[in-house]
Amino acid sequence: MKLQRMNRRALALGALAVSGALALSACGSDDTGGSGSGGNTTAAANGDIKCDDAKGQLQASGSSAQKNAIDAWVKQYTATCKDVQINYRPDGSGAGITAFTQGQTAFAGSDSALKPDEIEASKKICKTGQGIDLPMVGGPIAVGYNVPGVDTLVLDAPTLAKIFDSKITNWNDAAIKKLNPDAKLPDLRIQAFHRSEDSGTTENFTKYLKAAAPEDWKYEPSKAWAAKGGQSAPQSSGVAQQVKQTSGAISYFELSYAKEGIKTVDIKTEAAEPVKATVENATAAIGAAKVVGTGKDLALELDYTPSAAGAYPIVLVTYEIVCDKGNKADTLPATKSFLNYVASESGQNLLAEAGYAPMPDEIITKVRETISSLS
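These remarks concern the structure in this document. (Residues numbered from 1 in each chain as written. Predicted model: local features only at pLDDT ≥ 70, side-chain atom pairs only at ≥ 80, totals over all residues. Heavy atoms only, no water.)

Remarks on helix α4 (residues 93–101)
With seven of nine residues buried, α4 lies mostly within the body of the structure. Taken residue by residue, α4 has Ser93, Gly94, Gly96, Ile97, Ala99, Phe100 and Thr101 as its buried positions. Glycine 103 occupies a position one or two residues after α4 and carries a positive phi of about 80°. (Buried < 20%, exposed > 50% of the residue type's maximum accessible area, 1.4 Å probe, protein only. Helix = DSSP H or I, 4+ residues; strand = E, 2+ residues; numbered from the N terminus.)

And the structure:
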């Protein structure tokens, strides 16, 4: 869904600790969101939470990368709109889109925009319209690692591609040494972890590898992991936990999962200095994205090979997917009310505190206009 080693890192951890303590419950998974409660909020005081006619249960599922953001939003929102219960299952972007197109949820979260066949499938549920993409959460995909004695690690796209394609298998490999001449790299086997289920984070990570290292990454970007070898774990929390507990491990996940004990890789780009995974550096990259969706669809095209200083190249944008027309009448008021808050100034301000990148003004303004027109 950035801040480590800086004051903002402390804020991120504090926000995550609060959202974890008040985690939303459904199915008992550590990756699962639901309804929260609390006292008066700054958001409510600012008038950004407007319940209107919202009531009842709102079912949603999808991206686990945005789970920590959803937790923080739901906690604030349901403290004001007490007649609404929101259950968000972070079971991956692929599962979220499937649940949405089967009519099981009011909206889905996906770390990649709808594909043509998914839009076509959505028309069966959006009786008079279709599914559209609303970019709501941004951030860097951090590459976390666990190499004893190595506190700073620089990698580039070709080296990452070879590591995740099992072509580089030891941490003292010559290619890694060249990028880290001052590091004491151990003779230790690399344990590369990828997501076990269809994942938008996987798709965005492999889009980066394909764009930045086409000679070394021969697979087409996909939600499903395509390379041979490696190990797998479910959801963002699963791969992050494997990195934390496995010596020699490396994996990819939204930066908010890089909690204490997980170091992240600095990425070498065409810029003079390697780029750290931070909210600010991700925002710099997302700000250069182009809206390529048509009509009310706000799908973005990201640049995975930026050359500007301080632009982190591995970013993702999580979309909330809804019907532009034909939403279910019983859940439409709550859907619009919640998404209006999420896209509001106070809703977006929560993102940086939780380790995510808010959407640039020109993009979120279009999102707000689109939400108001949902029917």
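Section: the packing of aromatic side chains
For the structure shown, the criterion picks out ten aromatic pairs. Ring plane angle 65° and centroid distance 5.0 Å describe the contact between tryptophan 217 and tyrosine 219, whose orientation is recorded as edge-to-face. A residue is classified by how much of its surface remains accessible, and tryptophan 217, at 1% relative accessible area, is buried. Every member of this aromatic cluster is reached through a ring pair, and the members are Phe164, Phe205, Trp217, Tyr219, Trp225 and Tyr252. (Phe/Tyr/Trp six-rings, centres within 6.5 Å; stacked < 30°, edge-to-face > 60°.)

Re the side chain of threonine 331
Its location among the elements puts threonine 331 in the loop between β13 (315–323) and α11 (332–343). If we skip the residues at most four places from it in the chain, threonine 331 touches Gln57, Leu58 and Ala106. (Contact = heavy atoms within 4.5 Å.)

Quick look at the nonpolar core
Core analysis: the biggest nonpolar cluster contains 110 residues, and Trp73, Met136, Leu160, Phe164, Ile250 and Phe338 have the highest contact counts within it. When residues of this core are assigned to their parent elements, the largest contribution, eight residues, is made by strand β4 (residues 131–145). Excluding anything up to four places from it in sequence, phenylalanine 338 contacts Leu58, Trp73, Val74, Tyr77, Ile86 and Phe107. (Core = buried A, V, L, I, M, F, W, Y, C linked by side-chain atoms within 4.5 Å.)

Description of the pattern of salt bridges
The full count for this structure, using the stated rule, is 13 salt bridges. Connected through shared salt-bridge partners, Lys115, Glu118, Glu203 and Lys223 make up one network. (Salt bridge = Lys/Arg side-chain N within 4 Å of Asp/Glu carboxyl O.)

Some remarks on the packing of α11 against helix α12 (residues 345–353)
Packing of α11 against α12 leaves a shortest axis separation of 4 Å and a crossing angle of 60°. The orientation of α11 with respect to α12, classified from their angle, is oblique. Where α11 approaches α12, its residues Tyr341, Val342 and Ala343 are matched on the opposing element by Glu345, Ser346, Gly347, Gln348 and Leu350. Of the residues assigned to the contact of α11 with α12, the class counts are four nonpolar, three polar and one charged. (Axes fitted to C-alpha atoms, helices over the stretch in contact; angles between N-to-C directions. Parallel < 35°, antiparallel > 145°, perpendicular 65-115°, else oblique. Nonpolar A, V, L, I, M, F, W, Y, C, P; charged D, E, K, R; others polar.)

Comments concerning the packing of helix α3 (residues 67–80) against α12
Axis separation between α3 and α12 bottoms out at 10 Å; the angle between their running directions is 135°. With respect to α12, the element α3 is oriented oblique. Crossing angle aside, the handedness with which α3 passes α12 is right-handed. Note on element contacts: α12 touches α3 through Gly347, Gln348, Leu350 and Leu351, opposite Ala69, Ala72, Trp73 and Gln76. Here the contact of α3 with α12 is composed, by residue class, of five nonpolar, three polar and no charged. (Left-handed = near helix turned anticlockwise from the far one by under 90°.)

What to know about the pairing of strand β8 (residues 249–254)
Along β8, six of the six residues are buried, which leaves the element largely enclosed by surrounding structure. Bridging between β4 and β8 involves five bridges; their strand directions are antiparallel. In the sheet register, isoleucine 141 faces β8, and the bridge partner there is glutamate 254. Sheet topology places strand β6 (residues 191–195) next to β8; two bridges connect them, and they run parallel. When the bridges of β8 are listed, alanine 192 appears paired with isoleucine 250. (Pairing = 2+ DSSP bridges.)

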